[in-house]
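Each chain, written out:
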Amino acid sequence: MDDDDRMTPEDGERQKSSAGLVFVTITALLMAMGVAILPVWLGGAGKAVETDVWQTFYGDLHPLLLPIPIGVFVLILLMEVCGLLSFGKWKPHTTFPLFVGVVTAVLAVIAGNFLHLRTNGSDGATYHHIWGFTVFSVLAILTFVSKIWSNHSGAKSPMYGILLLMTVGALVFTGAQGGVLQWKEPFQAPMAGLFGGEEPQTVKAEPAAPGAEGGATQSATQPLAAGKGTTPGEDPAKPDKPEVVQKQAAPPEKAAPDPAKKDAPKPAPPAPKPPEVPAAGGDKAAGKPGTAVQAKAIPDRLAYEDVVKPILRARCYECHADAKDNPLGKKKIKGSLVLTSIEAMKEGGSEAEALVPGDLEASLMSVRIHLPMDDDEHMPPEDKDQLEAHEIAILDWWIKTGAPTVSMKEAMAGPEILAAVGKLVPPDVLEKKRAAAAAAQAAEKAAAAEKRKMLESAMAQASREFPNALTFISRESSDLQFTAVSMRKDFTDAKLAILKPVGSGLVEVNLGATSVSDAGLGELAAMPNLRKLHLQQTKITDAGLAEVAKLKNLEWLNLFGTEVTDEGVRKLKALPKLKKVYLWGTKVTPEGAKALEKNLPGCEVNLGAGN
């Protein structure tokens, strides 16, 4: 054997090093795949999901973990820039910081997904934030892999720099979304159009209908505060109306009574007007929504305009219509699918055509309607009003017949379909229900905005004392959540009293692993709307549960690792809305748990594994 064919010690070390790099690379790529599929695997998008004690605890760590990879990657970028500016005189060693950034990014994204499970993932900022952080984590892993192979080969590759810039870009996007979620209004306006949030909408007031009081002409300018500035003829109980500038004709002056006609007989009252008959020409002729259908016999109703479209408006437009057609008054088009015209339905959305005339199986609209209720793709969603059997029969007939726009008679609708049309709620009734729901929603939104405004001023002291611990649960909600997870044993009974000014807005409070005791739970009386309370691993005993039992709106309670007993949890039967109680590691017996479940039907008492 020639000397050149013999393996030197250096060659052996190089082979071992390459084998180690291959192992690290495969592990990193598997980790990237796991991070990428985690949001899909966990599910929970669009609705809150109950999490167990450890998932809840780990999810609460997300705000503590995420600043670490953010700071690390910003530092790495600065180091690399400084290295470039030194023209090679200083070579920054960024491999270990990259490793730290990758590990903490993965831990943070897992925690973020657990936290996301407990919230409504349908919010745009939440959706973009969770996926933005996922993309950031995957890019961070790829950047690390590129770096270690670049170091191994000793050759400079542009791939590392490109991936690093992409990683920081994803970080900026994700950080902006986190800002929208954390600080709400300061980020909401400037970031809305750029990162997918809702854009402010201009309100255009309609001219007053003929015969309206004073014949006022209205011009929308800015929202009115609830209970202020109501216009003539407007219900003062309905807030959130646009402020209007009115130009109103003065009422005619009353003529002075003529003394000579004092004893004249009074004229007979005018005969009552005959009832108005709805116009047969449709909405434009009648001037009111729905009158066209009422004026027509069932066979004369237009298959699409008078029958199918009202069904879609009532059941589908909330998620698949522009602001002008959406009953909620805002643009919301899920899956890029618009259902407000036949042309849009034929075009379809991001998946397939919603309507293929004559083919039910190829029409996504029909396919989704007929899926089982527990299927994630069933439409309408489980939390929305579902289609009635006669409505489904009409839609199937309409698609199968070729999506006709002519009258039901001309479309040769059979007796069964005509009977199904007769079961539809009249469009004018639907319009009234829609208007009532919109008014109720507007009133609720205005009340929430007013309450939120009051709470924001009251939050100042608590926010100074507990930075980032007290937040609104969403951008528009007036409900507050508080977590003491970052303070733990430093959070005492005295600090709990600081939350009293914002107590009416708190719906979730996490006091897990803090120093709160029975003496401090008296402060819970200032939180009557509390729905979720974490008291795990605290000094709470049976005496403290007497205060907890006063929270009539409480739905979820965690007492894991406390000293409570059967006698204490018996007090919880006074909570009519309680749905879940965690009692792992307590002194509560299986008999005590069963007794509580018996006193509170529908409440799940969890004693942990083996109980």
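Enquirer: Describe in detail the environment of I141, supporting the description with residues and values.
Expert: Inspection of the secondary structure assignment puts I141 in helix α6 (residues 124-153). Note: C-alpha distance between I141 and L163 (22 residues apart in sequence) is 9.6 Å. When sequence neighbours within four positions are dropped, the list of residues in contact with I141 reads A28, M31, A32, V102 and V106.

Enquirer: Would you mind going over unusual backbone geometry in detail, with residue names and values included?
Expert: With omega at -5°, the peptide bond leading from M379 into P380 counts as cis. Along the chain, P380 falls in the loop between α13 (364-369) and α14 (389-400). Despite not being glycine, A403 shows a phi value in the positive range, around 55°. The residue A403 is located in the loop between α14 and α15 (415-422) in this model. Positive phi is not limited to glycine here, since A513 has a value of about 60°. By secondary structure assignment, the location of A513 is in the loop between β7 (506-510) and β8 (532-534).

Enquirer: Would you mind going over the pattern of salt bridges in detail, with residue names and values included?
Expert: Side-chain pairs of opposite charge can arise whenever the charged atoms involved come near each other. Enumeration according to the criterion identifies 10 salt bridges in this entry. One salt bridge connects R368 with E351, and the closest N-O pair in it is separated by 2.7 Å. In this pair, R368 is assigned in helix α13 and E351 in the loop between α12 (342-347) and α13, connecting sequence segments 17 residues apart. Here E547 ties to K550 by a salt bridge, and the two come within 3.4 Å at their closest N and O atoms. The exposed category is assigned to K550, whose relative accessible area is 54%. Among the ionic contacts, a cluster of salt bridges with common partners joins E351, R368 and E377.

Enquirer: Help me get a handle on the nonpolar core, residues and values and all.
Expert: Ranked by internal contacts, the top residues of the largest apolar core, which has 47 residues, are F482, L506, L533 and V548. Secondary-structure elements contributing two or more residues to this core are α16 (427-465), β5 (470-472), β6 (480-483), β7, α18 (542-548) and α20 (590-599). Broken down by element, this core gets its largest block of residues, 3 residues, from α16. For L533, the residues in contact, after removing those within four places along its chain, are V509, L524, V548, L551, L554, W556, L557 and N558.

Enquirer: Could you give an account of the environment of R531, with specific residues and numbers?
Expert: Looking at the element boundaries, R531 is found in the loop between β7 and β8. Separated by 25 residues in sequence, R531 and L506 have C-alpha atoms that sit 8.4 Å apart. R531 has contacts with D479, V507, N553, L554, E555 and W556, leaving out every residue within four places of it along the chain.

So, how was this worked out
- Residues numbered from 1 in each chain as written.
- Predicted model: local features only at pLDDT ≥ 70, side-chain atom pairs only at ≥ 80, totals over all residues.
- Heavy atoms only, no water.
- Helix = DSSP H or I, 4+ residues; strand = E, 2+ residues; numbered from the N terminus.
- Contact = heavy atoms within 4.5 Å.
- Salt bridge = Lys/Arg side-chain N within 4 Å of Asp/Glu carboxyl O.
- Buried < 20%, exposed > 50% of the residue type's maximum accessible area, 1.4 Å probe, protein only.
- Core = buried A, V, L, I, M, F, W, Y, C linked by side-chain atoms within 4.5 Å.

Geometric descriptors of this kind do not, in isolation, establish any biological role.
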